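Tertiary structure, described
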Amino acid sequence: MVGVYAVDDAASVNAAVARARHTAEWWARGTFADRKHVLDQWKGVLTRRMAQLADVVHQETGKPHGDAQLEVGLAIEHLSWAAANAGKVLGRRRVSPGLLMANHAASVEYLPHGVIGVIGPWNYPVYTPMGSIAYALAAGNAVVFKPSELTPGVGAWLADSLTEVLPDQALLQTVVGFGETGEALCRSDIDKLAFTGSTATGKKVMATCAETLTPVLIEAGGKDALLVDEDADVEAAADAAAWGAFSNAGQTCLGVERVYVHEKVHDRFVEELTRRAREVHAGTDADAKFGPMTLPTQVDVVRRHVDDALSRGATAVVGGRDAVDDPFIQPTVLLDVPEDSTAITEETFGPTVTVNKVRDMDEAVRLANGTSYGLGSTVFSKSRGTELARRLRSGMTSVNSVISFAAIPSLPFGGVGDSGFGRIHGPDGLREFSYAKAVARQRMKPAVALTTFDRTPETDTLFATILTVLHGRATQLTKKPLDLDGR
Ligand code: NAD
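Just so we're clear, the structure is a prediction, and the values are computed from it rather than from any experiment. (Residues numbered from 1 in each chain as written. Predicted model: local features only at pLDDT ≥ 70, side-chain atom pairs only at ≥ 80, totals over all residues. Heavy atoms only, no water.)

This brings us to the nonpolar core. Residues Trp42, Met130, Leu158, Leu193, Val259 and Phe269 are the most contacted members of the largest nonpolar core, which totals 135 residues. Split by domain, the residues of this core number at least three in each of domain 1 (10-219 + 424-436) and domain 2 (224-401). Setting aside anything within four residues of it in sequence, one finds Val259 in contact with Leu226, Val228, Ala241, Phe269, Val353, Thr354, Val355 and Asn356. (Core = buried A, V, L, I, M, F, W, Y, C linked by side-chain atoms within 4.5 Å. Buried < 20%, exposed > 50% of the residue type's maximum accessible area, 1.4 Å probe, protein only. Domains from an automatic or database assignment. Contact = heavy atoms within 4.5 Å.)

Written as structure tokens, this is what we have:
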């Protein structure tokens, strides 16, 4: 046992949100520099106590200490970026009012929503929720955070560490509990809910939030593919596939679950991946590269997917049925997996990977895009990396490296389809936790007064003339229709 925490019911969730409301009004009065000052202090605390926080993550999830430290470090990077860039991204700026409204000054700025509810998963219990928490705080909101029931200690630790910097304010509070506590947070007086977790729960969260028209951000599951082109650095691709598939026991939303390899390099890739997969194992010993399955019920999901693939003709070149045990699942590499097998169509969330051969990269793109998910993806190609990346239906793609976009704070993070919508990280992540405020200020009386009952027929004629001059020019009619098919 790692710790004991009291479950928060609806009343205590509502009390936390009421405290947060009070703090949110205070925090919104500050400047971006004020907020940066506080968040930088928090960043210092997190950095100096990185090992302690990583230990709580290790205790609660079972992941190796080094992996826990990696996610804490990346979360600190994001906190630093959000604090440093919030003013530039969200601050008030003038925009052109256009010729028609030239007598006005126009400006836009991004104001905080108020109180943000954050619901997090257990697989990266620091990095993942901090993608919402850091950006929401930097944008001027207060946060009430419900961590996964498997990682309440991490949530409590994060909130306590910020209280040390700001003792008298409820800038970040943690409420602890199961799905019911999350539901209570959705129903409380929050202004927006940021959810990270499974697609199935995301749908429930959205339905609950719909009752009060509370906007939601959904960061859900994935079934990420890695593509290997004929000119790829095959060794590097195999190394990336192994780490992307097996690290954190495959319990990574951005984990590599499917690989599509050009037939010309397929055998060499399989050989390299097999060698690497045999070199790593799950366990608690010092040499273990990854730990146990954190969620016991996930073992059955992995077993079901491996069984389905093998019973329908796939081959396990590493691992297989015997590799799936509770709580440790050993690396499994499945070849020639039917595209309609659950190992290809559903999120496995275990240290397994499918490898299928393709004739060319068009087939690879088509198969990679043939899933309802669209979170991340990876391309290994020397000459066509960016082109292939742009054709993949996923929110993020790494070229010639794996999951690297997640460590670049200025890049938005999020998916399409069953992987959710909305973005954390980067400028989009800051805007996600604010609303656009437009102000049009009249500087002088208009030459043509439009918004008055005193408008005359002469004014209407003048208005029509101005519009015709501005927009009425006949564009050259082309005989050929717009042909985009050949592009
Ligand atoms: P989960 O959906 O089981 O739980 C997520 C959170 O939702 C938990 O805190 C849980 O208590 C809460 N919850 C459960 N029922 C609820 C309800 N009815 N109302 C409100 N809250 C409720 O997910 P998990 O098992 O903790 O995490 C694994 C999943 O998260 C995987 O699918 C993974 O791909 C996904 N994930 C996505 C990202 C991303 O950024 N897209 C990151 C990490 C994990």
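The rest of the description comes next.
Next up on the list: the site of the ligand. Around the ligand there are 29 residues in total, and Glu149, Ser198, Thr201, Ala220 and Glu347 lie nearest to it. In the environment of the ligand, an oxygen atom lies 2.9 Å from a nitrogen or oxygen atom belonging to the side chain of Lys146. Protein contact buries 91% of the 850 Å² of open area that the ligand shows by itself. Elements represented by at least two residues in the shell around the ligand include exactly α7 (179-187), β6 (192-196) and α8 (199-210). Among the residues making up the shell around the ligand, the classes are represented as 12 nonpolar, 11 polar and six charged. When we break the shell around the ligand down by domain, the ones giving at least three residues each are domain 1 (10-219 + 424-436) and domain 2 (224-401). (Near = heavy atom within 4 Å. Polar contact = N/O pair within 3.5 Å; in protein donor to acceptor, adjacent residues only side chain to side chain. Areas by Shrake-Rupley, 256 points an atom, 1.4 Å probe, with all protein chains shown as cover. Helix = DSSP H or I, 4+ residues; strand = E, 2+ residues; numbered from the N terminus. Nonpolar A, V, L, I, M, F, W, Y, C, P; charged D, E, K, R; others polar.)

Taking 1.5 Å per residue, 14 residues should reach 20 Å; helix α6 (residues 152-165) reaches 21 Å between its end C-alpha atoms and fits that length. Burial runs high along α6: 11 of the 14 residues are buried. (Expected span 1.5 Å × (residues − 1).)

With that out of the way, let us pick up the packing of aromatic side chains. Tallied over the full model, the rule gives three aromatic pairs. Seen in terms of ring centroids, Trp81 and Tyr135 are 6.3 Å apart; in terms of plane orientation they differ by 35 degrees. Their pairing is tilted. Taken as a pair, Trp81 in helix α4 (residues 65-90) and Tyr135 in helix α5 (residues 127-138) lie far apart in primary sequence, 54 residues in all. Each member of the pair, Trp81 as well as Tyr135, carries the same accessibility label: buried. A centroid spacing of 5.8 Å and a plane angle of 80 degrees characterise the contact between Trp122 and Phe349, whose relative ring orientation is edge-to-face. With Trp122 in the loop between β3 (115-119) and α5 and Phe349 in the loop between α12 (342-345) and β12 (352-358), this residue pair connects regions lying 227 residues apart in the sequence. The buried category is assigned to Trp122, whose relative accessible area is 10%. Using a relative accessible area of 10% as the deciding quantity, one classes Phe349 as buried. Above the face of the Phe32 ring, Arg35 is positioned so that its terminal group lies 5.1 Å from the ring centre. (Phe/Tyr/Trp six-rings, centres within 6.5 Å; stacked < 30°, edge-to-face > 60°. Lys NZ or Arg CZ within 6 Å of the ring centre and 35° of its normal.)

Right, let's talk about the pattern of salt bridges for a bit. Inspection of the entire model under this criterion finds 26 salt bridges. As a salt-bridge pair, Glu211 and Arg187 come within 2.9 Å of each other at their nearest N and O atoms. Of this pair, Glu211 sits in the loop between α8 and β7 (216-219) while Arg187 sits in helix α7, and the two are 24 residues apart along the sequence. For Glu211, a relative accessible area of 52% corresponds to the exposed category. Asp340 is the partner of Arg312 in a salt bridge, and the nearest nitrogen-oxygen pair spans 2.9 Å. Of this pair, Arg312 sits in the loop between α11 (298-311) and β10 (315-318) while Asp340 sits in the loop between β11 (332-335) and α12, placing them 28 residues apart in sequence. Overall, Arg312 belongs to the partly exposed group, its relative accessible area being 37%. Overlapping salt bridges, with partners in common, bring together Asp239, Glu272, Arg275, Arg276 and Glu279 in one network. (Salt bridge = Lys/Arg side-chain N within 4 Å of Asp/Glu carboxyl O.)

This part takes up the sheet that holds β12. If you walk across this open sheet you meet the seven strands as β10-β11-β12-β9-β8-β13-β14, and the pairing is mixed. The outermost strands of the open sheet, each flanked by one partner alone, are β10 and β14 (396-399). Pairs of neighbouring strands in the sheet enclose a mean axial angle of 25 degrees, with direction left out of account. Judged from the five bridges that link them, strand β8 (residues 224-228) and strand β9 (residues 256-262) form a sheet pairing that is parallel. (Pairing = 2+ DSSP bridges. Axes fitted to C-alpha atoms, helices over the stretch in contact; angles between N-to-C directions.)

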